[in-house]
Amino acid sequence: MSVERPNLIGVDVGGTFTDIVVRDERTRTMTVAKVPSTPADQSEGLMAGVDELAVGPATVSLLIHGTTVATNAVIERKGARCLLVTTRGFGDVLELGRRDRLSVFGLRGTGNPLIPRDRRIEVDERMRPDGRVEVPLDADALIAAVEPHMDGIEAVVVAFLHSYANPAHEDRAVEVLNQRWPDHYVIASARSLPTVGEFERTSTAVVHAYVQPMMARYLGSLADRVERAGYVRAPAVVQCNGGAMSLRHATERPANTVRSGPAAGVIAGTMIATAAGFPNAITGDMGGTSFDVALVVDGRPALSDEITVDFRVPLRVPTIDVETIGAGGGSLASIDAAGILQVGPQSAGAVPGPACYGRGGTRPTVTDADVVLGRISARRPIGGGHLELDPELSARAIDEHVASPLGISVEDAAEAIVHVIDSRMAGQVRMMSVGRGHDPREFVLVGFGGAGPLHTDAIIREVGIPRAIVPPLPGVTSAIGCLDADVMYDFLHSFRQRLDEIDMVEANKIVSEFLAEGRRLIETGGVPVVGTSVVVEGEMQLEGQRHTIRVALEEQLESSAMEQAFREQYRQRYGTGLDAPAFLTDLHCRVVGHRPTDVGSNTVPTAMSWDAAVIGARPAYFSGQWQDAAILERDLLTPGMTGHGPAIVQQDDTTTVIHPGTAVRVDGLRNLILEVTA
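Quantities reported herein were computed from a predicted structural model and do not represent experimental measurements.

Asks: Whenever I open this one, the pairing of strand β34 (residues 662–666) confuses me. Can you help?
Replies: On a regular strand, one side chain projects to one face of the sheet and the next to the other, so that they alternate. In β34, alternate side chains face the same way, and those of Thr662, Val664 and Val666 are buried while those of Ala663 and Arg665 on the opposite face are not. Sheet topology note: the strand β31 (residues 642–644)/β34 ladder contains three bridges and is antiparallel. If you follow Thr642 over to β34, its bridge partner there is Arg665. Examined bridge by bridge, β34 and strand β35 (residues 672–676) share five bridges and lie antiparallel to one another. Bridge pairing in β35 places Ala663 opposite Glu675. In textbook terms, the turn of a hairpin is the stretch between consecutive antiparallel strands, and for β34 and β35 this stretch comprises five residues, one of which, Arg670, has a positive phi near 70°.

Printed below as a string of structure tokens:
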């Protein structure tokens, strides 16, 4: 990296705040900003935050960011007006799904497809599962069927039966539609997801088409703003697999940016926990709208091949396994028809925000409860002073909507709101640990996000996790994850063949082409890397079985070595082996461009007392009573300091609450290590 352009910018655009981190690669120092998000055009808030830090464009080598544009478009149903073209008789695939239920105990589940039934066109064509043509595609009939429905359409999805086995009909349909409507986006399902699974393949292509026009406009606007400002490179974008990609690739594969911000947070949380000596960790990212949880085992985040963006809207792309619930600082509290307190998943968002913001919000939120309980200072709010909080507005909202209906005090109502949201988040942590066969007592919770450190102590108490880590800059940890995200490109090829019947010459040709394309994308993507590596894996199963096992393979494929690796892993997982032929269903290839990382230097502990960081005290409400809590300035905490709760640690990007009965120490990396003692 050139000395002339030493600054690297990481940005995480959230639903409530946009977090910006600037790191000087020479001195490894960081400056941060936390500004309100601008939902109408997220690039506006992003550039406003960068401008606030007064970083000269001539000193910036690269800007990398995670975004919620695609995620919000799907959840809020604000994406493109799309048309789905499919094989005759298969227009209902989006409703049928896997016949899952919205509620575990419900008798039905009502989905809300991204493309309604009246915009799904069935045409005569048919491929057989082996790739042979049964009914040819008539191009003229295709145009005649589609044309009456094209008014107001921005994108067209072509999803034909068994196109994974032979994409010829889809490719021909895309060619014909592009010629007739050259200004529209046309997406082929087999090019989005070339594998078996009609519902998941169709849904993945639909998500790509649904968000592509919006993402193209957003990324185009961001690129224009960056170029006009004088930056040397186009921004890079974080994917849901935790890796970065070029702006051009993000425009072509927009659905890969779904949950990119949470993925960046997991990358940063993994690095922080591993550097602190805790390879087993649970990351908990609580922002203004949601709470994101991920599992890290032996220093590696758990991975998944599918995201459920919304009910019956699966997106099958490589991703870090992050579970999200609607629990954030902006989560709304209310009393339901049964007289029970409910908190979330609805959120006040950035506008109008919590009642204490004074922007017209009248319903109480978790942030309002934290203000009433004395845990957030009205004079030192999250965001570095962008907002002046009004505790009276918080108290009024809680009294009207919670305290008076329940006949309790405002303080008890506020504490009840916090207990409910803490219990919901603790339940999600249990699902990610106990629910997957892991003992949470063997893990550390890494708590971050703008609201995370306010509730981290309460979560570990409820779950039984012995300790937690609060990083030095917890409110902008996801933005820091953007800085250190490797560049990644994933490729997939479907085989669906017995291992002993695969043409290995052809298979190795496919691998070579994938790896060459990945290296080309890294070289031309504009993101500096210090080296590359590749990962080749196979989805394998025994004949007659449905479920597969992901097996690590050598870059040069050889059938006997592949079978041996599969059978060894099969025995490890199931404790036995079966005398049945091995099948290769799918081949996965990943090319990684490694980027330099930084978790800070390990500092020798000092002999300074905890009291040196205490700047005052104020009453805070814990367990039904007001208690004097020490107020500490995070910048004054140095490695080696130890203390205990009740205490409140303030910094510009967040506030950390330490409960009575919790011990805290500052490690050599300036993390706060919280340990429950009572």
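Asks: Mind showing me how you'd approach helix α13 (residues 452–463) here?
Replies: Think of an α-helix as 3.6 residues a turn; residues three or four steps apart then line up on the same face. Taking 1.5 Å as the rise per residue, α13 with twelve residues should run 16 Å; its terminal C-alpha atoms sit 15 Å apart, in good agreement. Inspection of α13 places Gly452, Pro453, Leu454, His455, Thr456, Asp457, Ala458, Ile459, Ile460 and Val463 among the buried residues, and these make up the whole buried set. Looking at the residues trailing α13, positive phi occurs at Gly464, about 95°.

Asks: Hey, could you run me through the side chain of Glu633 in this one?
Replies: Its place among the elements puts Glu633 in strand β30 (residues 625–633). Beyond its immediate chain neighbours, meaning those up to four positions away, Glu633 contacts Arg380, Ala613, Ile615, Gln650 and Gln651.

Asks: Would you explain the pattern of salt bridges in this entry?
Replies: Opposite charge on two side chains permits them to pair, given that their charged atoms come into close proximity. Summed over the entire model, instances satisfying the criterion amount to 38 salt bridges. A salt bridge links Arg316 to Glu306; its shortest N-O distance comes to 3.0 Å. Of this pair, Arg316 sits in the loop between β18 (313–315) and β19 (319–320) while Glu306 sits in the loop between β16 (303–304) and β17 (307–310), placing them ten residues apart in sequence. Judged by its relative accessible area of 27%, Arg316 falls in the partly exposed class. Here Glu306 falls in the partly exposed class, since its relative accessible area comes to 28%. In this structure, the salt-bridge partner of Arg590 is Asp490, at a minimum N-O distance of 2.8 Å. Pair noted here: Arg590 is in strand β28 (residues 582–594) and Asp490 is in strand β25 (residues 487–498), with a separation of 100 residues, a long-range link. The class of Arg590 is buried, set by a relative accessible area of 16%.

Asks: Can you help me understand the nonpolar core in this one?
Replies: Taken as a class, soluble globular proteins show a tendency for nonpolar side chains to be buried jointly. Core analysis: the largest hydrophobic core is formed by 99 residues, its most contacted members being Ile9, Leu46 and Leu557. Sorting elements by how many residues they give to this core places helix α7 (residues 198–229) first, with 13 residues. Membership of the second largest hydrophobic core comes to 49 residues, among which are Ile282, Ile459, Val463 and Val470.

Asks: Please explain the sheet that holds strand β32 (residues 647–651) as it appears in this structure.
Replies: Sheets are built from strands paired through backbone hydrogen bonds, the pairs being either parallel or antiparallel. With mixed pairing, the four strands of this open sheet are ordered in space as β29-β30-β32-β33. A single partner strand is all that each edge strand has here, and the edge strands are β29 (614–622) and β33 (654–658). Here the average twist between neighbouring strands, direction ignored, is 30°. Of the strand pairs in this sheet, β30 and β32 are connected by four bridges, and their pairing is parallel. Bridging from a neighbouring strand, Glu633 pairs with Gln650 of β32.

Asks: Explain helix α15 (residues 504–524) to me, please; I cannot follow it from the model alone.
Replies: With 21 residues, α15 should cover 30 Å at 1.5 Å per step; its first-to-last C-alpha distance of 30 Å lies within 8% of that length. Taken as a whole, α15 has its buried residues at Met504, Ala507, Asn508, Ile510, Val511, Phe514, Leu515, Gly518, Leu521 and Ile522. Around the axis of α15, the buried residues are gathered within 155° of arc, so they sit on the same side. Set apart from the buried face of α15 by more than 90 degrees, the exposed residues are Val505, Glu523 and Thr524.

Asks: Mind showing me how you'd approach the side chain of Gln428 here?
Replies: Residue placement: Gln428 occurs in helix α12 (residues 410–433). Gln428 sits in the buried class, given a relative accessible area of 13%. Once residues within four sequence positions are removed from consideration, Gln428 is found in contact with Val293, Glu323 and Ile325.

Asks: Looking at this model, I keep getting lost on the pairing of β33. Mind explaining?
Replies: Within β33, five of the five residues are buried, leaving the element largely enclosed by the surrounding structure. The hairpin turn running from β32 into β33, its antiparallel successor, is two residues long.

Asks: Would you take a moment to explain the packing of helix α9 (residues 260–275) against helix α14 (residues 477–484) for this structure?
Replies: Between α9 and α14, whose axes approach to 7 Å, the crossing angle comes to 85°. Here α14 runs roughly perpendicular to α9, going by the angle between their axes. Of the residues in α14, those touching α9 at Gly261, Ala264, Gly265, Ile267, Ala268, Met271 and Ile272 are Thr477, Ser478, Gly481, Cys482 and Asp484. For the contact of α9 with α14, a count of residues per class yields six nonpolar, five polar and one charged.

Rules of the game
- Residues numbered from 1 in each chain as written.
- Predicted model: local features only at pLDDT ≥ 70, side-chain atom pairs only at ≥ 80, totals over all residues.
- Heavy atoms only, no water.
- Buried < 20%, exposed > 50% of the residue type's maximum accessible area, 1.4 Å probe, protein only.
- Helix = DSSP H or I, 4+ residues; strand = E, 2+ residues; numbered from the N terminus.
- Pairing = 2+ DSSP bridges.
- Expected span 1.5 Å × (residues − 1).
- Contact = heavy atoms within 4.5 Å.
- Salt bridge = Lys/Arg side-chain N within 4 Å of Asp/Glu carboxyl O.
- Core = buried A, V, L, I, M, F, W, Y, C linked by side-chain atoms within 4.5 Å.
- Axes fitted to C-alpha atoms, helices over the stretch in contact; angles between N-to-C directions.
- Arc of directions from axis to C-beta.
- Parallel < 35°, antiparallel > 145°, perpendicular 65-115°, else oblique.
- Nonpolar A, V, L, I, M, F, W, Y, C, P; charged D, E, K, R; others polar.

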